[in-house]
Amino acid sequence: MKKPNIIFIFSDQQRWDTMGCYGQKLPVTPNLDAIASEGVRFENAFTCQPVCGPARAALQTGKWATETGCYVNGIALAQNEKTMAHYLSDCGYEVGYIGKWHLASNDRNGTEDFREHPVPMERRGGYRDFWIASDVLEFTSHSYDGHMFDADGNKRVFPEGRFRADAQGDFIIDYLSSRDLKKPFFLFTSFIEPHHQNDHNRYEGPHGSREKFKDFAVPGDLAGTEGDWRENYPDYLGCCNAIDANVGRIVALLKRRGIYENTLIIYTSDHGTHFRTRNKEYKRACHDSCLRIPFIVRGPGFTGGNVCDGLVSLLDATPTVLGAAGVQKPSVMRGEDLSALVQGTTAWRDMVYAEISEDHVGRTIRTKKWKYEIWVKSDKPWSGNHAGGEVYHEYHLYDLENDPHERKNLVREHAYASVRTALAEAITQCIVSAGGKAPVIRNADAL
């Protein structure tokens, strides 16, 4: 049987509830909703690290961010790490990358800074056949201007007046149009949308977004809070809508080329956003607004418009890609091939685990009922030991069945002492299985 083509479409900072298939009432994602209606939608999908670089390092390698050493932004992926691109290239795939990379620079110590410069070949994680990218795309572009770099280090400037997601879509269409199809291809394309524009300190959608999406329903976790969602949410949805339009272009081209049915399309995001309602910025928190992500797959083995409610991690995407290419999951990879969940061929986990960095050093687990987080107390969290700690304190406990929007932190409630004890044991097992040492976990009252 001919191996499928694989297109991995990755957004940045996108909440799951921006998509119609997850309950969004406005027409934000009609093309992605159509893919979900033909493929498989994962209802309960979560990132393994709610910040850009660490999530990307984990996704590309299938390992925890602390295992890769990329546990905060600004640490380059080690050149000896094997990524999805390496595995697929070894089994006959053409491998290409378009978009935001965020794994090349060691900018925290002032060396090897490629944030505004071309990423050299040895820093591209094995994507050796095709490359148009910026290491940190928000540093080389804005919503309506900017550039990426091609494989030879030449600037690929966005056309004047072209929205950034559409300019990236043009690169994708050019790539897909020019394949001779003698080999199966694996294209990883990473949009920066709907990430906020750092230097403008706001979200920037296509022109007209504020009017087009002004009548949004306020998500339950944001209702009645401060934050900056009131002025930003329409533009945020506009960014998601722009990605969706380009997904529509991709699907249409695959159909015209007669390769749609034999192409696996995976769509997900690195993390969500809480619009400055949980800390001083947008992510780096244990709440579902940060951790929960959209996750849909359509193609060979993922059909029928099914919905899976098992607890899924971003780390599951990596062995899923390899499995589609006929590559057995390496022992170093922490996730599981999602085809096993879809087919019901194996018992599935009852919790997901995530590491949190920068805002604080945290570790969290989520079941369908409980959210539990522990953290390392520090006055300087951004410079702390994000690889882990020896002593943690209980930080958050939420009853998700009765408090789905995580409004009431129960971590100091004595009535939940036995629950906290059980969850502390569970999170300790997760930390150890992720390569860490069993920590001392102190009661929240000990702070």
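The text that follows walks through the structure, step by step, so that each part is easy to find.

Rules behind the numbers
Per chain, residue numbering runs from 1 following the sequence as it is written. Where totals are concerned, whole chains, interfaces and linings use all residues; where local detail is concerned, this predicted model gives features only for residues with pLDDT of at least 70, and gives and counts side-chain atom pairs only at 80 or more. The basis for the side-chain values is all heavy atoms of the structure; hydrogens and waters are excluded. Every case where a carboxyl oxygen of Asp or Glu lies within 4 Å of a side-chain nitrogen of Lys or Arg is listed as a salt bridge. Only DSSP runs of H or I reaching four residues or more are called helices, and only runs of E reaching two or more are called strands; each is numbered from the N terminus. Partly exposed residues are those whose accessible area sits between 20% and 50% of the maximum for their type, while under 20% is buried and over 50% is exposed, using a 1.4 Å probe and protein chains only. A strand pair is defined by DSSP finding two or more bridges across the two strands. Throughout this description, the term nonpolar core refers to a set of buried Ala, Val, Leu, Ile, Met, Phe, Trp, Tyr and Cys residues connected via side-chain atoms within 4.5 Å. Any pair of residues with heavy atoms lying within 4.5 Å of one another is described as a contacting pair.

Attention now moves to the pattern of salt bridges. Evaluation of the coordinates by the stated rule reveals 36 salt bridges. Between Glu-67 and Arg-334 there is a salt bridge, with its nearest N and O atoms 2.4 Å apart. Here Glu-67 is found in helix α3 (residues 65-68), whereas its partner Arg-334 is found in the loop between α10 (317-324) and α11 (338-343), with 267 residues between them in sequence. Among the salt bridges present, the one from Arg-284 reaches Glu-281, with a minimum N-O distance of 2.3 Å. You can call Glu-281 buried: its relative accessible area is 16%. Taken together, the shared-partner salt bridges in this structure form one network comprising Asp-12, Arg-56, Lys-100, Glu-138 and Asp-270.

On to the pairing of strand β8 (residues 185-190). A large share of β8 lies buried, amounting to six of its six residues. Sheet topology places strand β1 (residues 5-11) next to β8; five bridges connect them, and they run parallel. Paired with Ile-6 across the bridge in β8 is Phe-186. Strand direction decides the pairing type here: strand β3 (residues 94-100) and β8, joined by six bridges, are parallel. Across the sheet, residue Gly-96 finds its bridge partner in β8, namely Leu-187.

Let us look at the nonpolar core. Nonpolar side chains in soluble globular proteins tend to be buried together. Ranked by internal contacts, the top residues of the largest apolar core, which has 110 residues, are Phe-42, Leu-88, Tyr-127, Leu-176, Phe-186 and Phe-295. A per-element tally of this core places helix α8 (residues 229-256) first, with eight residues. Here Tyr-127 is in contact with Gln-60, Met-84, Ala-85, Val-95, Gly-96, Tyr-97, Trp-101, Phe-186 and Phe-188, once residues within four sequence places are set aside. Ranked by size, the runner-up nonpolar core spans 13 residues in total, among them Val-28, Tyr-203, Phe-213 and Tyr-233.

Everything listed here is a matter of coordinates, which is why it stays silent on function.
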